Amino acid sequence: MALPGAEYTTGFTQAWRTLTEKTWAKLVEATKKGKMLVQDDPRRVIHSFKVGFALVLISILQYFRPSFYGFGDNIIWAVLTVVLVLEFSVGATLGKGLNRMLATALAGALGIAAHRLATLSGEKGKAVLTSIFVFVIAETVTFMRFSPRLKARYDYGMLIFILTFCMVSLADNTDKELLEIAHERLLTIIIGSCLSIVICICICPVWVGKDLHNQIAGNIQKIADFMEETVAKHAGFGDEYFNNTETTEAGEDKPFLHRYKSYLGKMEPCHGRFRFRHPWKQYLKIGNLTRLCAYKIEALSVYLFNSEQTPYELRSRIQEPCTNISLESGKALKEASLLVKNMTKSSTPNLHVTNAKNAAESLRSVLRANPWEGADHLEIIPAATVASLLIDIVTCVEKICEAVEELASLANFVPSAELLHRGTVQPISDHDGSVHVITVSE
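Predicted model, so just to flag it, every value in this text is computed and none were measured.

1. Description of the packing of aromatic side chains
Then, in step 1: Counted under the stated rule, the structure contains 1 aromatic pair.
Then, in step 2: Arranged with centres 6.0 Å apart and planes meeting at 10 degrees, the rings of Phe49 and Phe53 form a pair that is stacked. Taken together, the positions of Phe49 and Phe53, both in helix H2 (residues 43–63) and 4 residues apart, correspond to about one turn of that helix.
Then, in step 3: Here the basic side chain of Lys96 rests over the ring of Tyr156, its NZ or CZ set 4.9 Å away from the ring centre.

2. A look at the packing of helix H3 (residues 75–85) against helix H7 (residues 175–202)
Then, in step 1: Put simply, H3 and H7 touch, their axes get as near as 8 Å, and they point 35 degrees apart. For the element pair H3 and H7, the recorded crossing hand is right-handed. Contacts between H3 and H7 pair Ile75, Trp77, Ala78, Thr81, Val82 and Val85 from the former with Arg185, Thr188, Ile189, Gly192, Ser193 and Ser196 from the latter.
Then, in step 2: By residue class, the composition of the contact of H3 with H7 is 6 nonpolar, 5 polar and 1 charged.

3. A closer look at helix H4 (residues 90–120)
Then, in step 1: Given a rise of 1.5 Å per residue, 31 residues ought to cover 45 Å, and the 45 Å separating the end C-alpha atoms of H4 matches this to within 8%.
Then, in step 2: The backbone nitrogen of Ala92 has a side-chain oxygen 3.3 Å away, supplied by the residue at the start of H4, namely Ser89.
Then, in step 3: After H4 finishes, the residue Gly122 shows a positive phi value of roughly 95 degrees.

4. Some details on the environment of Met227
Then, in step 1: By the secondary structure assignment, Met227 is in helix H8 (residues 208–232).
Then, in step 2: Not counting residues up to four positions away in its chain, the partners in contact with Met227 are Ile297, Ser326, Leu327, Ser329, Gly330, Leu390 and Ile393.

5. What about unusual backbone geometry?
Then, in step 1: Phi angles above zero are rare outside glycine, and Met343 is one such case at about 55 degrees.
Then, in step 2: Of note, Met343 is situated in the loop between helix H13 (319–342) and strand E1 (344–345).
Then, in step 3: The backbone phi angle of Asn412 is positive, close to 55 degrees, even though this residue is not glycine.
Then, in step 4: With respect to the secondary-structure elements, Asn412 resides in the loop between helix H15 (377–410) and strand E2 (414–415).

6. A look at the pattern of salt bridges
Charged atoms that come close allow side chains of opposite charge to pair.
Then, in step 1: Considering all chains together, one arrives at 9 salt bridges under this definition.
Then, in step 2: The salt bridge partner of Lys357 is Glu398, with a shortest N-O separation of 3.2 Å. Pair noted here: Lys357 is in helix H14 (residues 348–368) and Glu398 is in helix H15, with a separation of 41 residues, a long-range link.
Then, in step 3: Assessed through its relative accessible area of 38%, Lys357 is described here as partly exposed.
Then, in step 4: Looking at Glu398, the relative accessible area reads 22%, which means it is partly exposed.
Then, in step 5: A salt bridge links Glu361 to Arg364; the shortest N-O distance between them is 3.3 Å. Of this pair, Glu361 and Arg364 both sit in helix H14, 3 residues apart, which is roughly one turn of that helix.
Then, in step 6: Classification of Glu361 by relative accessible area gives partly exposed; the value is 38%.
Then, in step 7: Connected via shared salt-bridge partners are Arg145, Lys151 and Asp155.

7. Comments concerning H7
Then, in step 1: Between its terminal C-alpha atoms H7 stretches 40 Å, which fits the 40 Å expected from 28 residues at 1.5 Å a residue.
Then, in step 2: Regarding H7, the residues found buried are Leu178, Ala182, Glu184, Thr188, Ile189, Gly192, Ser193, Leu195, Ser196, Ile197, Ile199 and Cys200.
Then, in step 3: Buried positions along H7 lie against H2, H3, H4 and helix H6 (148–169).
Then, in step 4: Looking one or two residues past H7, Cys204 carries a phi angle of roughly 40 degrees, positive in sign.

Conventions adopted
Residues numbered from 1 in each chain as written. Predicted model: local features only at pLDDT ≥ 70, side-chain atom pairs only at ≥ 80, totals over all residues. Heavy atoms only, no water. Phe/Tyr/Trp six-rings, centres within 6.5 Å; stacked < 30°, edge-to-face > 60°. Helix = DSSP H or I, 4+ residues; strand = E, 2+ residues; numbered from the N terminus. Lys NZ or Arg CZ within 6 Å of the ring centre and 35° of its normal. Axes fitted to C-alpha atoms, helices over the stretch in contact; angles between N-to-C directions. Left-handed = near helix turned anticlockwise from the far one by under 90°. Contact = heavy atoms within 4.5 Å. Nonpolar A, V, L, I, M, F, W, Y, C, P; charged D, E, K, R; others polar. Expected span 1.5 Å × (residues − 1). Polar contact = N/O pair within 3.5 Å; in protein donor to acceptor, adjacent residues only side chain to side chain. Salt bridge = Lys/Arg side-chain N within 4 Å of Asp/Glu carboxyl O. Buried < 20%, exposed > 50% of the residue type's maximum accessible area, 1.4 Å probe, protein only.

Written out as structure tokens, the structure reads:
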């Protein structure tokens, strides 16, 4: 016989056990996600440490307040500044810090002037003039934020400008009190911004310019891998398109091209091999050209992985020039990627570009000869599209190599070791008085 309340106790125990298991499962899942974040970029842990360390320094400063400045309650503005300004990279931190300091100073001065003018107009005129000033400033600065150029550089500063101006101009304090408060807040904001910048630079700095540099080189390398290695390993044109089978396996579609921003790189001081006035805009040009090439390769992959649309007899007639284009384009991009990554310059990519252009011209000659005369037009279109895309890719590869060469010239890249050691001069004896000719291979 069941005891009274036993059923209730069993149900409660089961519910408690289910709740515990679900909580534990969520905790394990959260731990795995956190571990993945750390593995993806260990610098995130260091950045978290830097934010905590900066806030600790600000809190220590508050205890020394009687010995230094009479910050009063305005010390909280230093805390807010650290939280808002300290970003992952040095460039972003410098940009936000400078924006915040300049915007606070300008808006504070303008707000004090507006407050003074409104006060001189009397009680009734003060409300009217203050409303007019706030409307004009807020409307003008908000409209300026729609400018793409201003938004990319000064969006955060313009927000701080509007906020600071409204807080100062709408304050009920006297002019003397307002000036004192504005001075204290500006000083605490400057301290918070400078502290954030110093910590970001001195403790394991993350240079966004270096990340952009490596990302550009990596994206070019990924395109080169598709164009060259797939052919070399018989997984591209040699097997997926020009084979005599009707089955193909689609490759993994990985988005590997992203939009780049060079402004943060300009904000960063000299570091490593990246000197003052480094041509960051050239990276945007290379990134845009790489993205355009990737779009064409993405379209090309659609036909590579659906080769059953065209009979093997039609595909085989353009196999050789298409394979050569893919191989030489991949080699050119791989060399260009190495030049960007190692910050060297060489003419090796141009040799492969010339070979790719010759292969493209051969493909044009084959197409002019109408190799598919009498065939079904619906069967010809996919093969002709592949040929057309490959010819366009050669043009994109040439432009990428030209942009990389221009970057090497603007950034004063050093000549590659391969280029410097192409010729070797061996010491010879001249005791016999004969004439010796030394040939240096090109």
